[in-house]
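Inside the fold
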Amino acid sequence: MGRWAIAVHGGAGVDPNLPPERQDQAKKLLTRCLNLGVSALRSSSSSSSAIDVVELIVRELETDPTFNSGRGSALTEKGTAEMEASIMDGSGRRCGAVSGVTTVKNPVSLARLVMDKSPHSYLAFSGAEEFAKQQGVEMVDNEYFITEDNRGMLKLAKEANTIMFDYRIPITGMESCGAGVESPIQMNGLPISVYAPETVGCVVVDSEGRCAAATSTGGLMNKMTGRIGDSPLIGAGTYACELCGVSCTGEGEAIIRSTLAREVAAVMEYKELGLQEAVDFVIKERLDQGKAGLIAVSSKGEVAYGFNSVGMFRGCATEDGFMEVGIWE
């Protein structure tokens, strides 16, 4: 029997002037999710495997509007929510992903069904929605995912003619957010005037040494309709194998170019690096000028994280009783 471990994230790239009450709100949610995962992993009456726990935790994050996934998702240029998610079981490298879903209450669970109940690995837009209906998953109106905060953020993004990496930057006090941070940054060579986190994710290794990962997001605020980021792309935003499980967050285009999640496993396998060494290496060497972060677990029960952005909402817990929730370095 091995050692279990869990890590969770709520996005990389935090405004340094984010109000303390918003920081506390995020930390409380991360702590709640860790406790939920720890309970499932410790339960002697539960047969929860790593893949079950990552789905459980990401569902919890999708249901709470604090972060950018499920309810509370960033909005497209048309004011609608288009969500995406992926999940991967390191045992056999099985995976499922969805993009462009607009009425599925928990996209990560639809991704799990793509993995378990379809002959495919990835379904998108109308095909994903039709599959969801066939599988009887819970569906809601698109309005369910839209919050007043995000309506305000979209208005600001349109007025600034920019894309936002969405987080709950309060509408009042917007003029102070980002103060002291160099601006603009660039995405795919184009300027972005506001940078804040996106995406939620969870990675778990269970007591059998099985690794799993799941990632879910609403994407970018004011994004073009139909834009697909890294979160549903296996090997980019999510990856799990016999060595590790990885979930990424940040500038999706940079994560896609670097196949960031798979790269952690690759350098562990081919360079024989340890988990934290592998995470540090890919954050430093593979992102070019992109800003991103990731969480990871190994089959040995190790947990690691890394980011080159201004902070990352994250937390982790291990079988020996260690638990940590943080935002900054």
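Residues numbered from 1 in each chain as written. Predicted model: local features only at pLDDT ≥ 70, side-chain atom pairs only at ≥ 80, totals over all residues. Heavy atoms only, no water.

1. What about unusual backbone geometry?
With a phi close to 50°, Phe125 is a non-glycine residue in the positive phi region. By the element assignment, Phe125 lies in helix α4 (residues 125–135). The phi dihedral of Asp288 is positive, around 55°, even though this residue is not glycine. Topologically, Asp288 is positioned in the loop between α8 (275–285) and β11 (292–298). Relative accessible area serves as the criterion here: at 66%, Asp288 is assigned to the exposed category. (Helix = DSSP H or I, 4+ residues; strand = E, 2+ residues; numbered from the N terminus. Buried < 20%, exposed > 50% of the residue type's maximum accessible area, 1.4 Å probe, protein only.)

2. Some thoughts on the side chain of Ser309
Tracing the backbone shows Ser309 in the loop between β12 (303–307) and β13 (312–318). The class for Ser309 is buried, based on a relative accessible area of 8%. Of note is the side chain of Ser309, whose polar atom sits 3.2 Å from the backbone nitrogen of Gly13. Polar contacts involving the side chain of Ser309 include one to the main-chain carbonyl oxygen of Gly311, which spans 3.0 Å. (Polar contact = N/O pair within 3.5 Å; in protein donor to acceptor, adjacent residues only side chain to side chain.)

3. A short note on the pairing of β12
Bridging between β11 and β12 involves 5 bridges; their strand directions are antiparallel. Bridge pairing in β12 places Gly293 opposite Phe307. Taking the residues between adjacent antiparallel strands as the criterion, β11 and β12 are bridged by 4 residues, where Gly301 takes a positive phi near 95°. (Pairing = 2+ DSSP bridges.)

4. A word on the pattern of salt bridges
By the definition in use, this model includes 15 salt bridges. Measuring nitrogen to oxygen at the nearest pair gives 3.3 Å for the salt bridge that ties Asp64 to Arg32. Here Asp64 is found in the loop between α2 (50–63) and β2 (83–89), whereas its partner Arg32 is found in helix α1 (residues 20–42), with 32 residues between them in sequence. Taking the relative accessible area as the measure of exposure, Arg32 reaches 38% and is therefore partly exposed. One salt bridge connects Asp89 with Arg94, and the closest N-O pair in it is separated by 3.6 Å. Judged by its relative accessible area of 34%, Arg94 falls in the partly exposed class. Each of the salt bridges in this network shares a partner with another, and the network as a whole consists of Asp52, Glu55, Asp89, Arg94, Arg112 and Asp116. (Salt bridge = Lys/Arg side-chain N within 4 Å of Asp/Glu carboxyl O.)

5. So, the confidence of the model for the protein chain
On average, residues of the protein chain carry a pLDDT of 89, and 88% of them reach 70 or more. The model gives residues 166–185 a pLDDT under 50, and that stretch makes 61 contacts with residues more than four places away or in other chains. (pLDDT = per-residue confidence, 0-100. Contact = heavy atoms within 4.5 Å.)

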